[in-house]
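Report on the structure
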Amino acid sequence: MMCSLWRGTLLTLTSSLNRRVFQCCRQLGRSYNIASCMPEAVAFQGVSDHSGLYKFSVNESDRFWGAVARQRLSWISPFHTVQNCDFSQGKIKWFEGGKLNVSVNCLDRHVQTCPERVALIWERDEPGTEVKITYRQLLELTCRLGNLLKRQGVRRGDCVTIYMPPCPLAMASMLACARIGAAHNVVFAGFSSEALADRIRDAQSSTVITVNQGVRGGKVVDLKRTVDQAVQNCPTVQQVLVAMRTENTVPMTDRDVPLEEEMMKEDVVCEPVAMDSEDVLFLLYTSGSTGKPKGLVHTQAGYLLYTSLTHRYVFNYHDGDVFGCVADIGWITGHSYIVYGPLCNGGTTVLFESTPVYPNPGRYWEMVERLGINQFYGAPTAIRLLLKYGDEWVQNYNRSSLKTLGSVGEPINTEAWEWYHRVVGDGRCPVVDTWWQTETGGICIAPRPADPEAEIVPGMAMHPFYGIKPALLDTEVVTGDGVVLQSAQFPAFLRLRLALCYNQYCPLNCATPLLGFFFTGDGAHRSKEGYYQIIGRLDDVINVSGHRLGTAELEDVVVCTIIIMFGLGVYVFVVLKKAVMVEEDVLAQQLREMVSRSIAKYACPDFIQVVRCLPKTRSGKIMRRVLRKVVERNTDELGDLSTLDDPDSVHEVIRGHRRLR
Ligand code: WTA
């Protein structure tokens, strides 16, 4: 039965796609050979090119990952079993028996060979004030912080919450946790005190690390004040370590510890703890399709190996390159491609504190010139924004250092892709559209710029990475071509019982959930060449400017409403309780304040429409697909409405929507 559900080859590319392809060969010239690119490949018999390597990685998964793990990571004791997974039981174990320390892999081994190499460049909010930190200095910071955490009572297995903007001490805090065997829980420093409190409580942290104030886009943000409000409702918190990002003093209580002052009293040597491969490295909360955000778990060895391998090959990163990922460290992109991937590879990584338009829309490219960035990794939402300001903001700066341009977070439309490629990259840098999720820990589908044979089709994420087996299944949800699913047999996939929650995809015509697959929630096309194009979310998770939001999470805050995506924003339908009489403007203002207080500013609704009732099926399910069509102004394509309980509800929603415009 399962075979009939597979669509071996799905549709050819949609006609809207520009078939001009970008060849990567010119970068590497004729001397290319797979072993010089990937040394481990020498051990894989008969493998002579990247597609051979890909086939080997999925067919001989144990041999592939075993060799790569031995070659790329420094082990305290070797592993005895490469993988021990049974996804239908939620069991995912990699490199069992192995012991290692992630901070040693990211710092100590590079300090031994190149202590004065720059590990990170902190690109502070004010342009031209960057701070460079070498591997030796970053190790010292990490050790002092590790010792301070131990002095404060943090033990192996505890979870430390970090609420900081991108800054060296945030990075050192993550690495210090890894050094002493504690897990970290980084919370994006734009979240409200309530959202922060939820995450601290769920993680049961006794320690929070923060800064007095953040600085972003020329504005000062009172982060310590947000933490003070949050910890009032977090009984587990015993101490708050406060670093000084600005010179302004903030009220300190008995619970607060001045971070820099106390860490300077600590030794610069901190013995790394030998961690099991499957011990927890960090928790990261993300929006799912139901209820509260979930704390996803990533473990030590598999995650580190996968992020370092993808960083090396997806971006074609080489020793000495400067890697500029402009995400925030509070998201998975920051964890994997600012901190762990680049540092594991001994790279130089940029930590960007500012915004794409501060002090002007040339900020990214001025930074590229000043820091000599070779790989730039950003989000389509920023690219689309900058495109509107015109080409001069890009062309004013020298971008000859750029070699690869990356994109992540949401589908990149063809216009943005073309502009990124033609204007930013002067038509000579491959654009790698990278598809992945917090759950997958690292990039799963992306072009292969290191492959001289590879082509890149604008707007397509192209190939599965080594070891990744995507699958597309029919879906009744929308008229897409499939849902990306994948077998979770790769080392960076999320761990613990949570895996089971994801194992519930029930395809069309199937009475029981399909076992052994992970349902990503994204729809995709696959071309006859086997290239993938991601078409966006199919479930109740919405993507707002590259940030993931669960509709259920918003609906928790805004009672009696239903939220759906509209272009780049959030569209809310409100059903009022009968007794409430309120002006729409006042209501809109109140709703925005509620969401901003409970989640974050970026989650605020952009459009609000009051309706008498929502279109529901006879079994009581809201027909979100219909609402989406109304908002997208595609009312001619509402699809099958035969299960609708009250047909008038749809007409009312359409009339109200027209009035609103
Ligand atoms: C979306 C971010 C299209 C997708 C790394 C996914 C993308 C969700 C792409 C994960 C891409 C990410 N093309 N959509 N290249 N990259 N997405 O967990 O819907 O914050 O499921 O991880 O972002 O968001 P998350």
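Residues numbered from 1 in each chain as written. Predicted model: local features only at pLDDT ≥ 70, side-chain atom pairs only at ≥ 80, totals over all residues. Heavy atoms only, no water.

This part takes up the sheet that holds strand 5 (residues 118-123). Strands pair in a sheet through their backbones, by hydrogen bonds, and they do so in one of two ways: parallel or antiparallel. With respect to topology, seven strands assemble into an open sheet ordered 6-5-18-17-19-20-21, the strand pairing being mixed. With one partner strand each, in any of the chains shown, strand 6 (131-134) and strand 21 (431-433) form the two edges of the open sheet. Direction aside, neighbouring strands of the sheet carry axes that sit 20° apart on average. Where strand 17 (residues 322-325) lies against strand 18 (residues 348-352), four bridges are found, and the strand directions are parallel. When the bridges of strand 18 are listed, Gly324 appears paired with Val350. (Pairing = 2+ DSSP bridges. Helix = DSSP H or I, 4+ residues; strand = E, 2+ residues; numbered from the N terminus. Axes fitted to C-alpha atoms, helices over the stretch in contact; angles between N-to-C directions.)

Turning our attention to the site of the ligand. Near the ligand lie 17 residues; those nearest to it are Gln437, Thr438, Asp522, Arg537 and Arg548. Protein contact buries 96% of the 530 Å² of open area that the ligand shows by itself. Contributing elements (two or more residues each) for the shell around the ligand: helix 12 (332-344) and strand 28 (532-537). (Near = heavy atom within 4 Å. Areas by Shrake-Rupley, 256 points an atom, 1.4 Å probe, with all protein chains shown as cover.)

Here we take up the environment of Ser596. By the secondary structure assignment, Ser596 is in helix 19 (residues 584-598). By relative accessible area, Ser596 is classed as partly exposed at 22%. Among all residues touching Ser596, those that are not within four sequence positions of it are Ser192, Lys601 and Cys604. (Buried < 20%, exposed > 50% of the residue type's maximum accessible area, 1.4 Å probe, protein only. Contact = heavy atoms within 4.5 Å.)

When the UniProt feature table is mapped onto this chain numbering, "domain: Acetyl-coenzyme A synthetase N-terminal" (unreviewed entry) sits at residues 53-106. Between the C-alpha atoms that bound residues 53-106 the distance is 26 Å, and the span itself is 44% helix and 26% strand. (UniProt positions renumbered as here; feature names shortened; annotations may be inferred.)

Right, let's talk about the pairing of strand 8 (residues 183-186) for a bit. Here strand 8 shows a buried face lined by Ala183 and Asn185 and a second buried face lined by His184 and Val186. As judged from the four bridges shared by strand 7 (residues 159-163) and strand 8, these two strands associate in the parallel manner. By the bridge assignment, Ile162 is partnered in strand 8 with Val186. What joins strand 7 to strand 8 is helix 7 (residues 168-180), and the crossover it makes is right-handed. Sheet analysis places strand 8 next to strand 15 (residues 280-286), joined by two bridges and oriented parallel. The residue bridging His184 from the neighbouring strand is Phe282, located in strand 15. (Right-handed = clockwise from strand over helix to strand, strands pointing away.)

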